[in-house]
Amino acid sequence: MKIYTDLKDFSALNPVVTIGTFDGVHLGHRKVIRRLQELAHRVKGETVIFTFYPHPRLVLNKENNGLRLINTLEEKKVLLEAAGIDHLVIYPFTKEFSQLSYIEFVEQILVKQLGMKYLVVGYDHRFGHNREGKYEDLKVFADQLNFKIERQDVLNMDAINVSSTKIRKAIGEGDINTANKYLGYRFFIKGDVVDGKKLGSKIGFPTANIDPQESYKLVPKDGVYAVKVDIDDKRYLGMLNIGVRPTVNNQLDNRSIEVNIFDFDQDIYYKNITIHFYKRIRNEQFFASIDELKAQLAKDKESVVELLGK
């Protein structure tokens, strides 16, 4: 997959384009991507995803900085390449850019700079200033500018429209099962292993402290999770705690992500690792003693091994 941050470098054969933030690259997005690939094959062209960075809501609603995203930009690149996309355009989203009308955007950028031959849009997709560009308007405009346009229907599962918003809500509530079902893969966090207080080692359950790197990365609800951990092309079982560790921590505003990796004793400080979430095991809780905490952690490990296998 070729990646562009400057359209001067862009070159593709008969570009078949779709536009969006693609947060999650979930099953609904995959449906659009499959259609993109079918059309590209039909017209002997190449697939193009046109996305934005930063996320438009992070630029236009700075006073509401609570938005968290399923994927960081780097995670999204990995997922889109795995999906078989030929070209990824990462366009800088600014307030100035947001003032473009949908006609200006299509004509000046998609047609003149990309050379777009086919546009695939989602069932409710709108773009341009104030999201004024609707499918019906674009269809008329397509005839004038000599490109074709197609709208994809929403993906329904269990009578529910699959969307990034619903998946973000599920992750935020710790409902990893639902999130993974709609994503089509295990929700994951890529992050660096950073220095911690080594409290886990003192009680026999050493942990790696994870920094997701990007402040906008969505982190699941506090609690204990069954996970698998990728380190240097090898995968390990583990249990992960998100929260403030109330039994051993006096700074209860210090939220952390810590993973205990089973049967592993290597030094991985400052390595970048990937954590795949399988299930939320329990709430984070306070224990009256370290012995009670250790006993519970032993039970948690048993639960994870039973769930995920040795």
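Residues numbered from 1 in each chain as written. Predicted model: local features only at pLDDT ≥ 70, side-chain atom pairs only at ≥ 80, totals over all residues. Heavy atoms only, no water.

An unreviewed UniProt entry annotates the chain as Riboflavin biosynthesis protein of Marinifilum breve. Comment text from UniProt for the chain, heading Sequence similarities (unreviewed entry), reads "Belongs to the ribF family." Turning to the chain, the UniProt annotation filed under Function (unreviewed entry) states: "Catalyzes the phosphorylation of riboflavin to FMN followed by the adenylation of FMN to FAD." (UniProt positions renumbered as here; feature names shortened; annotations may be inferred.)

Caption draft 1: A look at helix H5 (residues 102-111). All buried positions along H5 are accounted for by Tyr102, Phe105, Val106, Ile109, Leu110 and Val111. Seen along its axis, H5 keeps its buried residues to an arc of 155°; they face one direction. In the core, the buried residues of H5 are packed alongside strand S2 (15-19), strand S3 (46-53), strand S4 (87-92), helix H4 (95-98) and helix H6 (135-145). (Buried < 20%, exposed > 50% of the residue type's maximum accessible area, 1.4 Å probe, protein only. Helix = DSSP H or I, 4+ residues; strand = E, 2+ residues; numbered from the N terminus. Arc of directions from axis to C-beta. Contact = heavy atoms within 4.5 Å.)

Caption draft 2: Molecular detail of the packing of helix H7 (residues 164-172) against helix H8 (residues 176-183). As a packed pair, H7 and H8 sit with axes 7 Å apart at the nearest point and diverge in direction by 150°. It follows from the interaxial angle that H7 and H8 lie roughly antiparallel. Here the hand of the crossing between H7 and H8 comes out left-handed. Taking contact as the criterion, the partners of Ile167, Ala170 and Ile171 in H7 are, on H8, Thr178, Ala179, Tyr182 and Leu183. A breakdown of the residues in the contact of H7 with H8 according to their chemical character gives six nonpolar, one polar and no charged. (Axes fitted to C-alpha atoms, helices over the stretch in contact; angles between N-to-C directions. Parallel < 35°, antiparallel > 145°, perpendicular 65-115°, else oblique. Left-handed = near helix turned anticlockwise from the far one by under 90°. Nonpolar A, V, L, I, M, F, W, Y, C, P; charged D, E, K, R; others polar.)

Caption draft 3: The arrangement of the sheet that holds S4 in detail. Read from one edge to the other, the open sheet built from six strands follows the order S1-S4-S3-S2-S5-S6, with strand pairing classed as parallel. Sheet topology places strand S1 (2-4) and strand S6 (148-151) at the edges, where each strand pairs with a single neighbour. On average, adjacent strands in this sheet sit at an angle of 20° to one another, irrespective of strand direction. This element, helix H3 (residues 73-82), spans S1, S3 and S4 of the sheet and lies at about 155° to S4. With respect to the sheet, H5 is in contact with S2, S3 and S4, its orientation differing from that of S3 by roughly 125°. (Pairing = 2+ DSSP bridges.)

Caption draft 4: Local environment of the sheet that holds strand S10 (residues 208-211). Strand order in the closed barrel made by the six strands is S9-S10-S13-S12-S11-S14, with antiparallel pairing throughout. Direction aside, the axes of adjacent strands within the sheet are offset by 45° on average. Against the sheet, helix H10 (residues 290-308) engages strand S11 (223-231), strand S12 (234-243) and strand S14 (272-282), with an angle of about 100° to S14.

Caption draft 5: Seen up close, the nonpolar core. Counting 55 residues, the largest nonpolar core has Leu240, Val259, Ile275 and Phe277 as its most contacted members. The dominant element in this core, judged by the number of residues it contributes, is helix H1 (residues 27-42), at five residues. Formed jointly, this core draws a minimum of three residues from each of two domains, domain 1 (2-164) and domain 2 (186-309). When residues no more than four places from it in sequence are discounted, the contact partners of Val259 are Pro206, Thr207, Ala208, Ile210, Val227, Val229, Met239, Leu240 and Ile275. Counting residues in each nonpolar core, the second largest holds 30 residues, with Val17, Ile19, Val48 and Met116 among its members. (Core = buried A, V, L, I, M, F, W, Y, C linked by side-chain atoms within 4.5 Å. Domains from an automatic or database assignment.)

Caption draft 6: Representation of the pairing of S4 within the structure. The buried fraction of S4 amounts to five of the six residues, a majority that puts the element mostly inside the structure. Where S1 lies against S4, three bridges are found, and the strand directions are parallel. Bridge assignment links Ile3 to a residue of S4, and that residue is Leu88.

Caption draft 7: Spatial organisation of the packing of aromatic side chains. What the rule picks out here adds up to 14 aromatic pairs. Pairing Phe50 with Phe52 gives two aromatic rings, centres 5.6 Å apart and planes at 70°, and the pair type is edge-to-face. Judged by its relative accessible area of 0%, Phe50 falls in the buried class. In this structure Phe52 comes out as buried when scored by relative accessible area, which is 11%. (Phe/Tyr/Trp six-rings, centres within 6.5 Å; stacked < 30°, edge-to-face > 60°.)

Caption draft 8: Representation of H7 in the model. The complete set of buried residues in H7 reads Ser164, Ile167, Arg168, Ala170 and Ile171. Projected onto a plane normal to the axis of H7, the buried residues spread over an arc of 160° and lie on a single side. Exposed and facing more than 90 degrees away from the buried side of H7 are Thr165 and Lys169. Elements that come into contact with the buried residues of H7 comprise H1, helix H2 (56-60) and H8. Just downstream of H7 lies Gly174, where phi reads positive at about 80°.

Caption draft 9: Focus on the pattern of salt bridges. Considering all chains together, one arrives at 10 salt bridges under this definition. Close ionic contact of Asp232 with Lys271 constitutes a salt bridge, the shortest N to O distance being 2.9 Å. With Asp232 in the loop between S11 and S12 and Lys271 in the loop between strand S13 (256-261) and S14, this pair connects stretches of sequence that are 39 residues apart. Since its relative accessible area comes to 51%, Asp232 is described here as exposed. Residue classification places Lys271 among the partly exposed residues on the basis of a relative accessible area of 29%. Ionic pairing is found between Asp300 and Arg282, a salt bridge with its closest N-O pair at 2.8 Å. Here the residue Asp300 occupies a position in helix H10, and Arg282 occupies one in strand S14, the gap between them amounting to 18 residues. Residue class for Asp300 comes out buried when judged on its relative accessible area of 2%. (Salt bridge = Lys/Arg side-chain N within 4 Å of Asp/Glu carboxyl O.)

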